[in-house]
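Chain residues, written in single-letter form:
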Amino acid sequence: MNNIKLHRPFGRPQQEIKSLSNLTGSIATELRKYQEDYIYNTLRLSDDMLNELALVMAEFFEDITLDIGIWKSLEAYNIEFFNTPLLFFLKPGEKIKEEFLLKKRIQYLLWNKYSELIPDLILGPDHRDLNFISDKLAEYFINIKSSLKLKESSIKSFLNRSNEYGWVVKRKLLWLGQHSYLFRHSYKEYMMENKGNPEIPLIDDFVMQTTTRWSGLGVIDILASILNISAKQKKELRGWYEKHFSYYLIKSIKGDLVSAANIITDTKYTIRMGDDARLFNIGNIYLGSLVRWNKEWYWSGQQSDLGHLSPIMLEELKNNFFTNAPRIVYRYDKSLLRKAKERNKVHYENFVRFHGNEFKTFPDGYSMAASIQEQHRLEYEAGPPELVKKVMRERNMKNPWPNYSYPKELLESENGIGLYFNPETGQEIMPGFNILINGFSKKGKNLSDEEMDCIRNFFESGAISPAFVMKLVDQYGSRSIAKAYLIKETEEFDFLSYLLRIFKGHFYRNRYPNLSFN
């Protein structure tokens, strides 16, 4: 019962907790019985994990029974992305009876949840025990549905509150990301992976920016679909991943409204703050993030008060920010973004001209570094001498070409390097490329564990774009990818699009060139 209370919004009725507690307990009893008949040990859970899965199933049943909207939103996005609400379980356009649909929904949920609950699990959607559990749970839910006392939900009441102010929407976002059955395990994993970092910024990054294995969607995407808001507001909320992170000078405070200027662009912002406005000081510099809601701006996450700063210190902050966080600046400085895109285009064309292709392989890291340096040396030598000297003076350069710094392990890598120049964002580097190509070349047959691990690392790397993946797929096909993820290739399901979404969801949002200059 404690876990149930932990994950409910404030104001939950005692009867609601009691009903969910009873349902969770009975589901846990069912799951324990099912485990006795599993063919494999893959999906066997400890008591604690089994109880958590039982709670997930109870909350899922509450969601679809009372039309809270969490699961409905996921299926709506799936239809948009893959032309089916339940990829691998329902063919595009397939119509089935409600009882069978419930089974498929449970199977889809469990397929993803087991992968969240069991670290490093690779689970195929057609696993026999997964099919068995889904059949049993669907039958169980159908039998008990009429006797359940799930009449109202504090979650639904909470999500249905007015969305006039940004802080109300943010509270809903925080609950959905930290406590809903859909996201809380992804949230827990994210916090563990980033253990040691400040908690508030981490929480804010997860709910605002992180994409998840749920079709590559973020918490902001699901909430935007759930809330009863306009299409414009939905778009605005889904754009919160592009927080305006910067240094802000407080200009004035009037009631609960604060006027501030982004010192990077000198843009003015009107920030609604409620009673917290009194905590800020006119003339001070604050480091923080802003998001837009209903024509006003709201702080998001943590703000750091840097006090009064001299013009020299402000200029230094500004220059360092341009250099170290260019892709953040591109979110709100569109003129600089245009320059970055133009420069990236020139770099791309130079790369293709020198290497003969946007994609190039090298035997090791040192040969890659030497080739890139030679490319830039020839570029600078081809430029007007006076312009080259000017650039060298301005940037304090000893040589008329950039001095790149690569990690030691990359330079010393001897298993091949794959270098791809993404026309939109810049260079992408994949070490261990010989192993990767060996795996792709086998077209799904007799792959070694090392090759399958390498394929999964390539696919799950946040630095490798879908465009890079497709370069190899176009050349070698996708059978080895399917094998690595235990998926059977069929014409009905576009499994490649699905895997790209869940592991590279951030690439389906706005992306910016990886260039720093001012």
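This text goes with the structure placed above it.
For the structure given in this document, a descriptive report is provided here. (Residues numbered from 1 in each chain as written. Predicted model: local features only at pLDDT ≥ 70, side-chain atom pairs only at ≥ 80, totals over all residues. Heavy atoms only, no water.)

With that settled, consider the environment of N3. Relative to the helices and strands, N3 is located in helix α1 (residues 2–6). Judged by its relative accessible area of 43%, N3 falls in the partly exposed class. Measuring from C-alpha to C-alpha, the distance between N3 and Y348 comes to 53 Å, with 345 residues separating the pair along the chain. Ignoring any residue separated from it by four or fewer positions in sequence, one finds N3 in contact with E52 and L55. (Helix = DSSP H or I, 4+ residues; strand = E, 2+ residues; numbered from the N terminus. Buried < 20%, exposed > 50% of the residue type's maximum accessible area, 1.4 Å probe, protein only. Contact = heavy atoms within 4.5 Å.)

The next point concerns unusual backbone geometry. Within the chain, N83 stands out as a residue other than glycine whose phi angle is a positive 65°. As for its position among the elements, N83 is in the loop between α4 (70–82) and α5 (98–117). Its identity as a non-glycine residue notwithstanding, N446 has a phi of 55°, on the positive side. Summarising the element assignment, N446 is placed in the loop between α19 (433–441) and α20 (449–460). On the basis of relative accessibility, which here comes to 72%, the residue N446 falls in the exposed class.

Moving on: the pairing of strand β8 (residues 426–431). Bridge count between strand β7 (residues 417–422) and β8: 6 bridges; the pairing is antiparallel. Within the sheet, the bridge partner assigned to F421 lies in β8 and is Q427. (Pairing = 2+ DSSP bridges.)

Between α5 and helix α6 (residues 128–144), whose axes approach to 8 Å, the crossing angle comes to 130°. Between α5 and α6, the angle is such that the two are oblique. Handedness of the α5/α6 crossing: right-handed. On α6, the residues that touch E99, L102, K103, I106, Q107, L110, W111 and Y114 of α5 are L130, N131, I133, S134, D135, L137, A138, F141 and I142. Of the residues assigned to the contact of α5 with α6, the class counts are 11 nonpolar, 3 polar and 3 charged. (Axes fitted to C-alpha atoms, helices over the stretch in contact; angles between N-to-C directions. Parallel < 35°, antiparallel > 145°, perpendicular 65-115°, else oblique. Left-handed = near helix turned anticlockwise from the far one by under 90°. Nonpolar A, V, L, I, M, F, W, Y, C, P; charged D, E, K, R; others polar.)

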